[in-house]
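An overview of the molecular structure
The residues making up each chain are set out below.
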Amino acid sequence: MEIFRISGGKTLCGTARVHGAKNSVLPIMAASLLARGTTVIENCPRLSDVGAAIKILTHLGCKIERDGERVAINSSSVTRCDIPHELMREMRSSVIFLGAVLGRCGEAVISTPGGCELGPRPVDLHISALRALGAEITVDGGNISCRAPKMRGGRITLEFPSVGATENTMLCAACCQGETVISNAAREPEIWDLQRYLTRLGYSVSGAGTPCVTVEGASISASTDMRVIPDRIVAATYLAAAACTGGDVEITDVIPRHLAAATDALAGMGCRISEGRGSVRINAAEKKRAIRPVYTSPYPGFPTDVQPQLMAACLSAEGTTVFVENIFENRYRHAEEMKRLGADIKTHGRVAMVTGVRRLRGAPVTSTDLRGGAALVLAALTAEGVSEVSGVRHIDRGYDDFEGVLRSLGADVGRAETPGN
Ligand code: EPZ
């Protein structure tokens, strides 16, 4: 089993480049099925989730070439419309392929994505939206089977601004006859990036970034290349790492406004934040203090995907910070592990109360999910002594060379093998 071995107490200083956004690349890889040509993604991060998406596209009949951060996807011939369980279970967000496969093939069979460590991950909003476009969908135990002999655009209102449901609806709508208007759409930057990609292919999509997205259906064969937006969650993670260690770090190749909620929270803790064109610098030399309650909410609110990392920064801040996790049911599993390092955290349902302590001590801890795992690394960087963070496979889903970037900033962290699975 791979672990990260960390000797804490080092102050992070220096500059780090942020890689392309996982949550932009994955829907764009699904959308490449609607190109019926070749899509080249230039800054595609080397992540296990990207590897899982490549396996799915290959299974469907696409030809893929990958060279470092450059991935070329030729979707001129798609030969299947099913995604089996063994491919679906590798990546929970595989459900994002449903809309594109249904739109391209007129039918789709995927296995239900199931839950994950964040709690149940229902897809009811995806299904009701695709049904509203004319899809006949049956859900029987392990499979979601869809037929869409003839789909027409229409007006769809999402009960919740679900990122994945917005993306699936956009992709299916692009293949429907007529116009589709999606109300209460998610406003995340990754939705805007998906619109940008579809527009480059020749589709008519507008409104991304607002609660109302409009898609004009078309049949298009095109090729294009694309640089996806930087990963705002990875960017915020590096800034939080500097905050944890009292460091001075500049991150480059970012879009500062995409991580405004996170930088506002870090500034509220007493960190000095300065923004340049495509860069953000944090100086966390001052003693950190607790901040006002943190409520996670859809973009542009505070991102649920940064809640664990900000919690790590609060472990050694003066005072008590209250977190309210409004997006996922079970997103405090990292808190139990942080307590093994000496953290003072009380959780009850969606609320967590974090009171800063004078010192954290290294200990073995276990990652249970992607962002919780990254947060445990950040907490271990703060702790005195050696920590071992297991479950590195979770972290590899969303961070390209996480330990290499942290080492370049002065952290004492290495990847090691230990017995056991
Ligand atoms: C996307 O997941 C991201 N993943 C998640 O990032 C992120 O946490 C989430 O959006 C929220 O911002 C990708 O983009 C690949 P949702 P998604 O649909 O689309 C409920 C990471 O760490 N819901 O916006 O699955 C759902 O249970 C990952 O990179 C329904 O009830 O999120 C959750 O409580 C983790 N029914 C809430 O909505 C549905 O049909 C938000 O889910 C769909 C969702």
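Predicted, not measured: the structure shown is a model, and the values here were computed from it. The written sequence of each chain sets the order in which its residues are numbered from 1. A pLDDT threshold of at least 70 governs which residues receive local features in this predicted model, and a stricter bar of 80 or more applies before side-chain atom pairs are shown or counted, although totals over entire chains, interfaces and linings include all residues. With hydrogens and water excluded, all non-hydrogen atoms of the structure serve as input to the side-chain values.

Some thoughts on empty space enclosed by the protein
As defined here, a cavity is a set of points on a 1 Å grid over the protein atoms alone where a 1.4 Å probe fits but cannot get out. A pocket is an open set with protein on both sides within 12 Å along at least five of seven lines, and residues line them when an atom is within 4 Å of a point. Grid points are joined across faces, edges and corners, and a volume is the space filled by probe spheres set on the points. Per the counting criterion, the structure on display carries two cavities of 30 Å³ or more. If you trace the largest cavity, you find it lined by Ala236, Ala240, Ala262, Leu266, Phe302, Val306 and Leu310. To qualify as a helix, a DSSP run of H or I must reach at least 4 residues; to qualify as a strand, a run of E must reach at least 2; elements of each kind are numbered from the N terminus. When contributions to the lining of the largest cavity are tallied by element, the ones reaching two or more residues are helix H8 (232-245) and helix H9 (260-268). Of the residues that constitute the lining of the largest cavity, the class distribution is seven nonpolar, no polar and no charged. Here the second largest cavity defines a volume of roughly 30 Å³. Along its surface, the second largest cavity is lined by Ala21, Asn23, Glu190, Asp231, Arg232 and Ile233. Amino acid classes used here: Ala, Val, Leu, Ile, Met, Phe, Trp, Tyr, Cys and Pro are nonpolar; Asp, Glu, Lys and Arg are charged; the rest, including Gly, are polar. Here the residues of the lining of the second largest cavity sort into two nonpolar, one polar and three charged.

Here we look at the packing of H8 against H9
Helix axes are fitted only over the stretch in contact, all axes being lines through C-alpha atoms; the angle between N-to-C directions runs from 0 to 180 degrees. The geometry of H8 relative to H9 is characterised by a closest axis approach of 10 Å and an angle of 10° between their N-to-C directions. For the element pair H8 / H9, the angle class is roughly parallel. Contacts between H8 and H9 involve Ala236, Leu239, Ala240 and Ala243 from the first element and Ala262, Thr263 and Leu266 from the second. Class assignment of the residues belonging to the contact of H8 with H9 gives a composition of six nonpolar, one polar and no charged. Should an angle fall under 35 degrees it is called roughly parallel, over 145 degrees roughly antiparallel, and 65 to 115 degrees roughly perpendicular, with every other angle called oblique. A contact between two residues is defined here by any heavy atoms of the two lying within 4.5 Å.

Some thoughts on the site of the ligand
Throughout, near means a residue has at least one heavy atom within 4 Å of the molecule or strand. Taken together, the neighbourhood of the ligand is formed by 23 residues, with Asp124, Leu125, Ser162, Asp305 and Ile327 sitting nearest. Measuring from an oxygen atom of the ligand, one finds a side-chain N or O atom of Lys22 at 2.9 Å. Here a polar contact means two N or O atoms within 3.5 Å. Within protein one must be a hydrogen donor candidate and the other an acceptor candidate, and residues neighboring in sequence count only if both atoms are side-chain atoms. Side-chain polar atom of Asp305 to an oxygen atom of the ligand: 2.6 Å apart, as the coordinates give it. For the ligand, whose unbound accessible area comes to 820 Å², protein coverage reaches 86%. Secondary-structure elements contributing two or more residues to the shell around the ligand are helix H1 (22-31), helix H5 (124-132), helix H6 (163-173) and helix H12 (370-382). Under the convention used here, a 1.4 Å probe and the Shrake-Rupley method define accessible areas, while residue burial counts only the protein chains that appear.

Description of the sheet that holds strand E18 (residues 294-295)
What makes two strands pair is DSSP finding at least two bridges between them. As summarised here, the arrangement of the four strands in space is E18-E19-E21-E20, forming an open sheet in which the pairing is mixed. Each edge of the sheet is formed by a strand with only one pairing partner; in this case those strands are E18 and strand E20 (344-348). Each of E18, strand E19 (320-324), E20 and strand E21 (351-355) is contacted by helix H10 (residues 307-314), which is oriented at about 170° to E19, the strand it contacts most.

Quick notes on the packing of aromatic side chains
Two rings belonging to Phe, Tyr or Trp (six-membered ring only in the last case) form a pair when the distance between their centres is within 6.5 Å. Interplanar angles under 30 degrees mark stacking, angles over 60 mark edge-to-face geometry, and anything in between is tilted. Enumeration over the complete set of coordinates arrives at two aromatic pairs. With a centroid separation of 6.5 Å and 20° between ring planes, the pair formed by Tyr238 and Phe402 is classed as stacked. Placement of Tyr238 in helix H8 and of Phe402 in helix H14 (residues 402-408) is noted, with a sequence separation of 164 residues between them. The buried label goes to any residue with under 20% of its type's maximum accessible area, the exposed label to any with over 50%, and the partly exposed label to all in between, with areas taken from a 1.4 Å probe on protein chains only. On the accessibility criterion, Tyr238 (1% relative accessible area) is buried.

Here we look at the sheet that holds strand E10 (residues 155-157)
Strand order in the open sheet made by the four strands is E10-E11-E13-E12, with mixed pairing throughout. Edge strands, defined here as strands with exactly one partner in the open sheet, are E10 and strand E12 (204-206). Put simply, the sheet's adjacent strands are angled 10° from each other on average, direction ignored. As paired strands, E10 and strand E11 (residues 179-183) are joined by three bridges and run parallel to one another. Residue pairing for E11: Ile156 is matched across the bridge by Ile182. Against the sheet, H6 contacts E10, E11, E12 and strand E13 (212-216), and its axis sits at roughly 170° relative to E11.

Looking at the pattern of salt bridges
Whenever a carboxyl oxygen of Asp or Glu lies within 4 Å of a side-chain nitrogen of Lys or Arg, that contact is scored as a salt bridge. Enumeration according to the criterion identifies 24 salt bridges in this entry. Here Glu69 makes a salt bridge to Arg46, at a shortest N to O gap of 3.9 Å. One end of the pair, Glu69, is in the loop between strand E4 (63-67) and strand E5 (70-74); the other, Arg46, is in the loop between strand E3 (38-41) and helix H2 (48-60), with 23 residues separating them in the sequence. Residue classification places Arg46 among the partly exposed positions, given a relative accessible area of 46%. Notably, a salt bridge pairs Asp344 with Lys346, separated by 3.2 Å at the nearest N-O pair. Residue Asp344 is classed as partly exposed on the basis of its relative accessible area of 25%. Classification of Lys346 as exposed rests on a relative accessible area of 52%. One salt-bridge network, in which partners are shared between bridges, spans Arg17, Arg46, Glu69, Arg227, Asp253 and Asp400.

Observations regarding the domain arrangement of the protein chain
Structurally, the protein chain comprises domain 1 (2-17 + 230-417) and domain 2 (25-227). For domain 1 versus domain 2, the separation of C-alpha centres amounts to 31 Å. Each partner contributes to the interface: domain 1 provides 22 residues, whereas domain 2 provides 18 residues. The term buried area refers to how much accessible surface (probe radius 1.4 Å) is lost by two components on association, counted for both of them together. Carbon and sulfur atoms make up 50% of the surface buried where domain 1 meets domain 2, a total of about 1800 Å² over both sides. Counting every contact that joins domain 1 to domain 2 gives five salt bridges. Between Arg397 and Asp49 there is a salt bridge, and its shortest N-O distance comes to 2.9 Å. Either an automatic procedure or a domain database provided the assignment from which the domain bounds are taken.

Observations regarding the environment of Glu159
Within the element layout of this structure, Glu159 appears in the loop between E10 and H6. Sequence separation between Glu159 and Leu125 is 34 residues, and the spatial gap between their C-alpha atoms is 7.3 Å. Other than its neighbours up to four places away in sequence, Glu159 contacts Leu125 and Asn184.

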